[in-house]
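Read off the chains here:
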Amino acid sequence: MSVVKVHNIRKSFGSVVVLKDISLEVQSGEVLVLLGRSGSGKSTLLRCLNGLETIEAGSIEVAGHPMTYNGESLRALRKDVGIVFQQYNLFPHMTIGQNIMLAPHLVKQVPKAEAEEKARKMLEKVGLLDKFHEYPDRLSGGQQQRAAIARSLAMEPKLMLFDEVTSALDPELTEEVLAVMAALAESGMAMVVVTHEMGFASKVADRVIFMDDGTIVEEGSPDTIFASPSTPQFRSFLARAN
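Residues numbered from 1 in each chain as written. Predicted model: local features only at pLDDT ≥ 70, side-chain atom pairs only at ≥ 80, totals over all residues. Heavy atoms only, no water.

### Overview of empty space enclosed by the protein
Here's step 1: Within the structure shown, the criterion is met by one cavity of 30 Å³ or more.
Here's step 2: Counted as a void, the largest cavity has a volume near 40 Å³.
Here's step 3: If you go around the largest cavity, the residues you meet are Glu164, Val165, Thr166, Leu178, Met181, Val193, Val194, Thr195 and Phe200.
Here's step 4: Where the lining of the largest cavity is concerned, the elements lending two or more residues are helix H6 (171–186) and strand S8 (190–194). (1 Å grid on protein atoms, 1.4 Å probe; cavity = no way out; pocket = protein on both sides within 12 Å on 5 of 7 lines; lining within 4 Å. Points joined across faces, edges and corners; volume = space filled by probe spheres on them. Helix = DSSP H or I, 4+ residues; strand = E, 2+ residues; numbered from the N terminus.)

### Comments concerning the UniProt feature "domain: ABC transporter" (unreviewed entry) in the chain
Here's step 1: In this numbering, the UniProt entry assigns the feature "domain: ABC transporter" (unreviewed entry) to residues 4–238.
Here's step 2: Secondary structure across residues 4–238 comprises 40% helix and 26% strand; the distance between its end C-alpha atoms is 27 Å. (UniProt positions renumbered as here; feature names shortened; annotations may be inferred.)

### Considerations on the layout of surface pockets
Leftover empty space is mapped by rolling, across the atoms, a probe with the size of a water molecule.
Here's step 1: Roughly 620 Å³ of volume is contained in the largest pocket.
Here's step 2: Arg78, Ile83, Ala103, Ser152 and Met155 are the residues nearest the centre of the largest pocket, which is lined by 25 residues in total.
Here's step 3: Counting only elements with at least two residues in the lining of the largest pocket, the list comes to helix H2 (71–80), strand S6 (81–84), helix H3 (96–107) and helix H5 (141–153).
Here's step 4: Considering only residue class, the lining of the largest pocket consists of 14 nonpolar, seven polar and four charged.
Here's step 5: The calculated volume of the second largest pocket comes to roughly 160 Å³.
Here's step 6: What lines the second largest pocket is simply Glu175, Leu178, Ala179, Ala182, Glu197, Gly199, Phe200, Lys203 and Val204.
Here's step 7: Elements represented by at least two residues in the lining of the second largest pocket include exactly H6 and helix H7 (198–204).
Here's step 8: For the lining of the second largest pocket, the per-class residue count stands at five nonpolar, one polar and three charged. (Nonpolar A, V, L, I, M, F, W, Y, C, P; charged D, E, K, R; others polar.)

### Re the packing of H3 against H5
Here's step 1: Running from N to C, H3 and H5 point in directions that differ by 30°, and their axes come no closer than 8 Å. In terms of orientation, H3 lies roughly parallel with respect to H5. Read as a crossing pair, H3 and H5 show a hand that is right-handed. Mapping the contact onto sequence places Ile96, Asn99 and Ile100 in H3 and Ala147, Ala150 and Arg151 in H5.
Here's step 2: For the contact of H3 with H5, the per-class residue count stands at four nonpolar, one polar and one charged. (Axes fitted to C-alpha atoms, helices over the stretch in contact; angles between N-to-C directions. Parallel < 35°, antiparallel > 145°, perpendicular 65-115°, else oblique. Left-handed = near helix turned anticlockwise from the far one by under 90°. Contact = heavy atoms within 4.5 Å.)

### Overview of the pattern of salt bridges
Here's step 1: Inspection of every chain in the model, using the stated rule, returns eleven salt bridges.
Here's step 2: Of the charged contacts, one joins Glu53 and Arg47 as a salt bridge, the two residues approaching to 3.3 Å between their closest N and O atoms.
Here's step 3: Look at Glu53 and you get buried, because its relative accessible area is 15%.
Here's step 4: One connected set of salt bridges, linked through shared partners, spans Lys11, Arg47 and Glu53. (Salt bridge = Lys/Arg side-chain N within 4 Å of Asp/Glu carboxyl O. Buried < 20%, exposed > 50% of the residue type's maximum accessible area, 1.4 Å probe, protein only.)

So this is what it looks like as structure tokens:
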């Protein structure tokens, strides 16, 4: 079953066209990794899947929600789609537990006791149960990013979107965040991941898409696409990445 259906979408910023007739699907339980140089359109595409950017043409359906841009439909969409950014966006005046409880309680009207139980379960999943009562500034960058992932998981999404979530972290902290994402993929969560981490893409992705200049240039399984890149753009990208 498709959890994402994107058909011929087009997106511009002013006179610059950043997505050019993009079409793709993501199946339930599939991990799709988007690769490409800065400015290739991959992060813009990810943001379109959550309604953070509007499109000028084409259609998007995510988790059974046709993309329309009124408040009610976007709220319904975001109950089913979690997104984690490079910035952790945790509320500094709230404990980690309170950060995670907030959306289930406010958005889904989950009772506080149940929201707390869920928050503890999600923190245990990302290895941070002992940080429930800590404030964000007491955590490392890797721990804060794992807490941000737990916050999205607490909404029980049908799809998780990750936008360069490790690019601000040092290698050791990057590994701990990627390990959480790999475990999440193993559990069957549908994921779309924008990353520069080739190792993660090769081990965890079911499918890899390489974007260049707002278009999909290559796509395929990691084994196929990394072993025999078929375009000069992707060969050049891989040569620089290695």
